[in-house]
Amino acid sequence: MKHGKNFIIGEYVIIKKPELVEVGDNVRIADFCRISSACKIGSDCEIAPGTYIAGGDGKYTFEMDSYSSLAAGVKIWLSSNDYVNELITHSVPYVKEIQGNVRLGKYTGVGTNSVIMPDNDIPEGVAIGALSFVPSGYQFVPWTVYAGQPIRPVKKRNRANIMRTLMKIGSLETSEDINEEERLCAE
């Protein structure tokens, strides 16, 4: 497993294929997490206790960009049985599964005990409320809060305030980034 500076991993974390996992700086993976898929985790991220990232057997990847988090008990699936069209088993040939990458953009968060199914691209700034279900291929709008089973948009996130906080902590690397974010915050 490749990891950056200030990486903290709980004593009771299981990573089935560490050669498929890359972790950035200032990342914490709490106890009782299980990762059995390819993962790329950016910097300044947290994966809370009891989170599972599974499926895909290395063919698909979970990506989590910087300043993002998974709350306790989140389940990320990169492969799942098709409960409508197929047998519900992994041991029979010719059974097709629902499969695909799952990606979380920068500044995203997923609430406690939420489930994200395969083939989802969750864009920058999205927040998913606790106990939510994200079906495969859901179409998100950046900087929006979602919740429910299945999820639905609830309200816009306060992007300007989040960008001001990032500027205060010095996370925007170039003056161009800062000028662009200040322009967007003023809108």
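Everything discussed here concerns the structure shown above.
This one's a predicted model, so the numbers in the text were calculated from it and none came from an experiment.

**What to know about the nonpolar core**
Formed by 31 residues in total, the largest nonpolar core has its most connected members in I29, F62, L70, I76 and I128. Within the residue set of this core, elements represented by two or more residues are strand 4 (21-23), strand 7 (38-41), strand 10 (61-64) and strand 15 (102-104). Residues within four places of I76 in sequence aside, it is in contact with Y52, I53, A54, F62, L70, V102 and I116. Membership of the second largest hydrophobic core comes to 6 residues, among which are Y107, W143, M163 and L166.

**Describing the pairing of strand 22 (residues 151-156)**
As paired elements, strand 21 (residues 144-148) and strand 22 share 5 bridges and run antiparallel to each other. Bridge assignment links V145 to a residue of strand 22, and that residue is K155. Linking two consecutive strands that pair antiparallel, namely strand 21 and strand 22, is a turn of 2 residues.

**Remarks on unusual backbone geometry**
Put simply, Q149 and P150 share a cis peptide bond, and its omega is -5 degrees. Tracing the backbone through its elements, the reader meets P150 in the loop between strand 21 and strand 22. Phi angles above zero are rare outside glycine, and N6 is one such case at about 55 degrees. For N26, which is not glycine, the phi torsion reads 55 degrees and is therefore positive. Within the secondary structure layout, N26 lies in the loop between strand 4 and strand 5 (28-29).

**So, the side chain of S80**
With respect to the helices and strands, the residue S80 is situated in strand 13 (residues 79-81). Using a relative accessible area of 11% as the deciding quantity, one classes S80 as buried. Setting aside residues up to four positions removed in sequence, S80 forms contacts with E97, I98, M117 and P118.

Procedures and definitions
- Residues numbered from 1 in each chain as written.
- Predicted model: local features only at pLDDT ≥ 70, side-chain atom pairs only at ≥ 80, totals over all residues.
- Heavy atoms only, no water.
- Core = buried A, V, L, I, M, F, W, Y, C linked by side-chain atoms within 4.5 Å.
- Buried < 20%, exposed > 50% of the residue type's maximum accessible area, 1.4 Å probe, protein only.
- Helix = DSSP H or I, 4+ residues; strand = E, 2+ residues; numbered from the N terminus.
- Contact = heavy atoms within 4.5 Å.
- Pairing = 2+ DSSP bridges.

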